[in-house]
Amino acid sequence: MKALAVLHAAQLVTLAGPARPRVGPELAELAIIPDGGMLIRDGVIAAVGSSAEIAPQIPADAEVVNGSGCVVLPGFVDAHAHPVFGGNRVEEFELRARGASYEEIAAAGGGIRSTVRKTRAASEAELRAQTLKHARWFLQCGTTTVEAKSGYGLTTADELKLLRVIRSLQVETRLELVPTFLGAHAIPEEFTDRREEYVQLVINEMLPQVVQEGLAEYCDIFFERGYFDEDTTRRVLTAAKGHGLKLRMHVDQLTNSGGAALAAELGAATADHLEQTEADGIQALARANVQPVLLPGSVYALGKTRYPRAREMIEAGLAVVLATDFNPGSSQTPSIPMVLSLAATQMKMTPAEGVTAATINAAYSLQRGDSIGSLEPGKVANFSMFDCADYRELAYYFGVPLTHSVYVRGERVFGAAS
Ligand code: NIG
Ligand code: FE
């Protein structure tokens with residue numbers, strides 16, 4: 001494989017720093033190199049520095065990318081997404097525009113259940129094609145790694161179908177996917193009056209098969225009133241841990257049910273959403289070293305106004321992560337730049353804090369901090385170039401496709417050469 005080099009980036013945003021998630025003031029330290037350069041061999045970063053330092057190290061036959069006028073960032077790492085689903089919910093979107101609430105629509109049989117119906121009806125090939133489209137969207141937004149949850153199948157066969165789609169996509173797309181089993185996303189229609197039976201199915205049938213086929217790294221659950229209660233959450237996640245899966249959890253999204261404390265007690269890698277979490281929950285996460293994954297796209301898309309308390313979390317020393325929550329019901333964006341905009345305007349996170357939360361901290365939350373999330377020698381060459389000279393423009397302009405080109409393992413997967 002020919003070597004690849006980037007020269008003259010207006011800003012090479014490296015995120016170089018300690019080999020651990022960033023906390024407190026570290027979130028704002030991006031280790032930017034002006035007029036930056038980078039040398040890549042065999043898909044791995046070999047050297048990072050000023051263009052003057054890098055230029056003499058470039059082999060004669062290397063491909064050299066001209067980064068002038070561009071910002072170069074590590075590929076975004078989206079640590080919370082639901083990219084595998086059939087159809088969409090554009091009708092419900094319109095109903096909400098006309099005044100119905102997400103909860104009302106769910107209570108009337110819509111919401112997650114309506115996507116479950118469409119997802120079950122779709123063949124594995126149809127789901128693969130639709131998810132491939134979503135994968136292209138992620139890459140087009142500068143994201144190179146996405147955590148991908150199941151959760152719209154809710155039968156053993158359909159949950160396995162979704163996780164197999166995720167696995168098979170690793171051949172068809174260069175986007176890197178990290179699979180999470182979310183069989184406990186909702187109680188499916190046919191189990192409405194037999195909730196405990198569904199829980200048994202998740203624990204005794206789905207989990208063992210998912211693990212046996214090696215289809216997931218993480219197990220997640222929607223801990224929320226009307227979905228899964230505290231006792232059930234403990235049972236499902238304790239079983240998952242017993243099978244060697246690590247834990248991520250949807251908590252305190254619509255109601256404060258003490259989800260942050262439960263995530264801390266169970267030793268989850270992440271507690272996600274946290275819109276309703278208060279000071280005691282934040283302290284519990286801090287004591288247990290759980291990373292909060294904040295999803296402002298879902299607050300925005302649901303037309304709500306209560307965003308998670310990012311500033312208090314940063315002050316409490318939490319290694320905050322930002323993600324899209326891309327899904328057909330509550331967050332229809334695959335765009336981390338959109339999330340950076342929301343984080344700045346609605347949660348008062350600076351663009352620098354946002355970038356750290358969506359790169360190196362997100363990588364650590366997926367146990368990949370040693371290989372991705374920053375531009376440092378020895379790391380995988382996943383990076384994105386944007387048509388702006390100051391990284392803050394990514395949060396400042398919104399709804400503008402600023403992506404110039406995207407590279408995974410040193411190969412261009414989106415955009416044109418320059
Ligand atoms: O993360 N909270 C639960 N799950 C999704 C919503 C899924 C849907 O509405 O389809 C979320 O917001
Ligand atoms: Fe979610």
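Further up the page is the structure itself.
Below you will find a few notes about this structure. (Residues numbered from 1 in each chain as written. Chains lettered and ligands numbered in written order. Predicted model: local features only at pLDDT ≥ 70, side-chain atom pairs only at ≥ 80, totals over all residues. Heavy atoms only, no water.)

## A word on helix α8 (residues 230-242)
Between the first and last C-alpha of α8 there are 18 Å, a value that for 13 residues agrees with the 18 Å anticipated at 1.5 Å per step. Of the residues making up α8, those classed as buried are T232, T233, V236, L237, A239 and A240. Relative to the axis of α8, the buried residues are bounded by an arc of 155 degrees and lie together on one face. (Helix = DSSP H or I, 4+ residues; strand = E, 2+ residues; numbered from the N terminus. Expected span 1.5 Å × (residues − 1). Buried < 20%, exposed > 50% of the residue type's maximum accessible area, 1.4 Å probe, protein only. Arc of directions from axis to C-beta.)

## A few points about the nonpolar core
Soluble, globular proteins show a tendency: their nonpolar side chains are buried together. Counting residues in each nonpolar core, the largest one holds 106 residues, and the members touching the most others are F181, M249, L322 and M349. Formed jointly, this core draws a minimum of three residues from each of two domains, domain 1 (4-75 + 373-415) and domain 2 (77-365). Once you skip the residues sitting within four places of it in the chain, M349 turns out to touch A310, R311, I314, V320, L322, A343, A344, G354 and A357. Residues V6, V65, M385 and Y407 belong to the second largest nonpolar core, which totals 15 residues. (Core = buried A, V, L, I, M, F, W, Y, C linked by side-chain atoms within 4.5 Å. Domains from an automatic or database assignment. Contact = heavy atoms within 4.5 Å.)

## A look at the coordination of the iron ion (ligand 2)
Looking at the metal site, the iron ion (ligand 2) is ligated by H80 (NE2), H82 (NE2), H250 (NE2) and D325 (OD), spaced 2.1 to 2.3 Å from it. Here the donor residues of the iron ion (ligand 2) are spaced in sequence according to H-x1-H-x167-H-x74-D. Highlighted residues: H80 in the loop between β6 (76-78) and α2 (90-97) and D325 in the loop between β13 (321-322) and α13 (336-347), separated in sequence by 245 residues. Residue classification places H80 among the buried residues on the basis of a relative accessible area of 0%. (Donors = N, O, S within 2.8 Å, 3.2 Å for Na, K, Ca; no water.)

## Some words on the pattern of salt bridges
Tallying each qualifying case throughout the model produces 29 salt bridges. Notably, a salt bridge pairs R128 with E172, separated by 3.8 Å at the nearest N-O pair. Of this pair, R128 sits in helix α5 (residues 124-140) while E172 sits in helix α6 (residues 156-172), placing them 44 residues apart in sequence. Shared partners join several salt bridges into a network, and the residues in it are E147, K149, D220 and R248. (Salt bridge = Lys/Arg side-chain N within 4 Å of Asp/Glu carboxyl O.)

## Details of the site of ligand 1
Lining the immediate environment of ligand 1, one finds 15 residues, of which R89, Y102, Y152, Q253 and S330 sit closest. For ligand 1, an oxygen atom lies 3.4 Å from a polar atom in the side chain of H82. Contact distances for ligand 1 include 3.0 Å between an oxygen atom and a side-chain N or O atom of H250. Relative to its unbound accessible surface of 330 Å², ligand 1 loses 100% to contact with the protein. Residue classes in the shell around ligand 1 are distributed as 4 nonpolar, 9 polar and 2 charged. (Near = heavy atom within 4 Å. Polar contact = N/O pair within 3.5 Å; in protein donor to acceptor, adjacent residues only side chain to side chain. Areas by Shrake-Rupley, 256 points an atom, 1.4 Å probe, with all protein chains shown as cover. Nonpolar A, V, L, I, M, F, W, Y, C, P; charged D, E, K, R; others polar.)

## Observations regarding α6
The terminal C-alpha atoms of α6, which comprises 17 residues, lie 25 Å apart, in line with the 24 Å expected from a rise of 1.5 Å per residue. Of the residues making up α6, those classed as buried are T156, D158, E159, L160, K161, L162, L163, V165, I166 and L169. Looking at the packing, one finds that the buried side of α6 touches α4 (112-121), α5, β7 (143-149), β8 (176-184) and α7 (195-212).

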